[in-house]
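Breakdown of the fold
So the chains spell out like this:
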Amino acid sequence: MGIQHEVRRRIGPVVRPRLDRLGTSLLAPPRTGFGSYHQHGDRSQRTVSLTFDDGPSRPSTESMLDVLDDLDVQATFFCVGEMVEWYPDIVQRAHHSGHIVASHSMYHSRAQAASLRSDAHLTATDDAIERAIGMRPSLYRPPWGWLTPWEARRVRRRGQTIIGWDVYPDDWKDPETDAAVTAEQVCSRVQPGSIILMHDATSNIRNCQKTQSAIAVRIIVERLRADGYEFVTIPEMLGVSPYAAESTHD
Ligand SMILES: [Zn+2]
């Protein structure tokens, strides 16, 4: 035990950062996204788009909606289907406030994207969102941005647009990253046309608290507006439609 502990103590600080870097590079969206991702909008337009993944949850998503409504910013929420079933009222509130409701898969698992056969998880998510707001989402973001080429083909065949990002702060961490740190990460990396990925919740957790993220959003919006940026939704930025033209459900 003593020797093992000593080995861990000496090697841990060397190995762990390497594993973190490896994980980060593996989890980052592929540069080409198999030709499927939109990772940013027009670089000549001083617009940015806030996107939130992994909700809805209570109270974290509600706190985020409070801040966004107060700032009069519309964002795009990539929702986990199972969590939409938990909190349809929160999704309805987001929709009625002018935010876009999009798909972030049914269970936030890599397993379904790996499946060769079925896109049932995509249909299940769209069904859950349709039950909540009466419309089926046309925007899809895979969990962690992790996509197989065959999953990308399936999503495109469904007529859905795959959305990546180009700005990704550490707001997903638990315990939470300090709001000032998250805000600085975003504001220092943002460019015209940036798609900012943040989190209104942690996936598959029913009662999230994300106090620092909500504070960070207020700082980000005020700072970037002062710098001449306008906040738009993903459909506005990319000129794509947020929802299917008509329901295919019945
Ligand atoms: Zn996610």
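Refer to the structure printed above.
Note that the structure is predicted; figures quoted are calculated from it, not measured.

**Brief notes about empty space enclosed by the protein**
Taken as a whole, this structure holds one cavity of 30 Å³ or more when the rule is applied. Looking at the largest cavity, its volume works out to about 40 Å³. For the largest cavity, the full set of lining residues is Pro56, Thr61, Phe77, Cys79, Ile90, Val91, Ala94, Val101 and Asp200. Elements that contribute at least two residues to the lining of the largest cavity include exactly strand 3 (76–79) and helix 4 (88–96).

**Describing the nonpolar core**
Counting residues in hydrophobic clusters, the biggest one holds 51 residues, and the most contacted among them are Leu50, Phe52, Leu68, Ile196, Val217, Ile220 and Leu224. If you tally residues by element for this core, the top one is helix 9 (residues 211–226), at six residues. If we ignore the near neighbours within four places in the chain, the residues touching Phe52 are Met64, Leu68, Ala75, Thr76, Phe77, Phe78, Met198, His199, Asp200 and Val217. Counting residues in each nonpolar core, the second largest holds seven residues, with Leu122, Tyr140, Ala152 and Val155 among its members.

**Points about the coordination of the zinc ion**
For the zinc ion, the full set of protein donor atoms is Asp54 (OD), His104 (NE2) and His108 (NE2), and the range of their distances to it is 2.0 to 2.1 Å. Within one chain, the residues donating to the zinc ion are spaced in sequence as D-x49-H-x3-H. Accessibility expressed as a relative area gives 1% for His104, which makes it buried. Take His108: its relative accessible area is 8%, and that puts it in the buried class.

**Brief notes about the packing of aromatic side chains**
Applying the stated criterion across every chain yields a total of two aromatic pairs. Ring geometry for Phe52 against Phe77: centres 5.2 Å apart, planes inclined by 25°, an arrangement best described as stacked. Placement of the pair is Phe52 in strand 2 (residues 47–55) and Phe77 in strand 3, with a sequence separation of 25 residues. Residue Phe77 is classed as buried on the basis of its relative accessible area of 3%. Above the face of the Tyr229 ring, Arg46 is positioned so that its terminal group lies 4.2 Å from the ring centre. One cation-aromatic arrangement involves Arg206 over Trp86; the distance from NZ or CZ to the ring centre is 4.0 Å.

**Describing the pattern of salt bridges**
A complete count under the given rule lists 16 salt bridges for this structure. Linking Arg93 and Asp66 is a salt bridge whose minimum nitrogen-to-oxygen distance equals 2.8 Å. You can see Arg93 sitting in helix 4 and its partner Asp66 sitting in helix 2 (residues 60–71), a full 27 residues away along the chain. Judged by its relative accessible area of 28%, Arg93 falls in the partly exposed class. Given the relative accessible area of 44%, Asp66 is considered partly exposed. Linking Arg218 and Asp70 is a salt bridge whose minimum nitrogen-to-oxygen distance equals 3.0 Å. One end of the pair, Arg218, is in helix 9; the other, Asp70, is in helix 2, and 148 residues separate them in sequence.

**Structural notes on the pairing of strand 2**
Of all nine residues in strand 2, nine are buried; the element is thus mostly enclosed. Pairing of strand 2 with strand 8 (residues 230–231), which is carried by two bridges, proceeds in the parallel orientation. Within strand 8, the position partnered with Val48 by the bridge is Phe231. Across five bridges, strand 2 lies against strand 7 (residues 195–199) in parallel orientation. Its bridge partner being in strand 7, Phe52 is matched across the sheet by Met198. Bridge analysis of strand 2 against strand 3 gives four bridges, and the strand direction is parallel. Each residue of the ladder has a partner; that of Thr51, found in strand 3, is Thr76.

The rules behind the values
- Residues numbered from 1 in each chain as written.
- Predicted model: local features only at pLDDT ≥ 70, side-chain atom pairs only at ≥ 80, totals over all residues.
- Heavy atoms only, no water.
- 1 Å grid on protein atoms, 1.4 Å probe; cavity = no way out; pocket = protein on both sides within 12 Å on 5 of 7 lines; lining within 4 Å.
- Points joined across faces, edges and corners; volume = space filled by probe spheres on them.
- Helix = DSSP H or I, 4+ residues; strand = E, 2+ residues; numbered from the N terminus.
- Core = buried A, V, L, I, M, F, W, Y, C linked by side-chain atoms within 4.5 Å.
- Buried < 20%, exposed > 50% of the residue type's maximum accessible area, 1.4 Å probe, protein only.
- Contact = heavy atoms within 4.5 Å.
- Donors = N, O, S within 2.8 Å, 3.2 Å for Na, K, Ca; no water.
- Phe/Tyr/Trp six-rings, centres within 6.5 Å; stacked < 30°, edge-to-face > 60°.
- Lys NZ or Arg CZ within 6 Å of the ring centre and 35° of its normal.
- Salt bridge = Lys/Arg side-chain N within 4 Å of Asp/Glu carboxyl O.
- Pairing = 2+ DSSP bridges.

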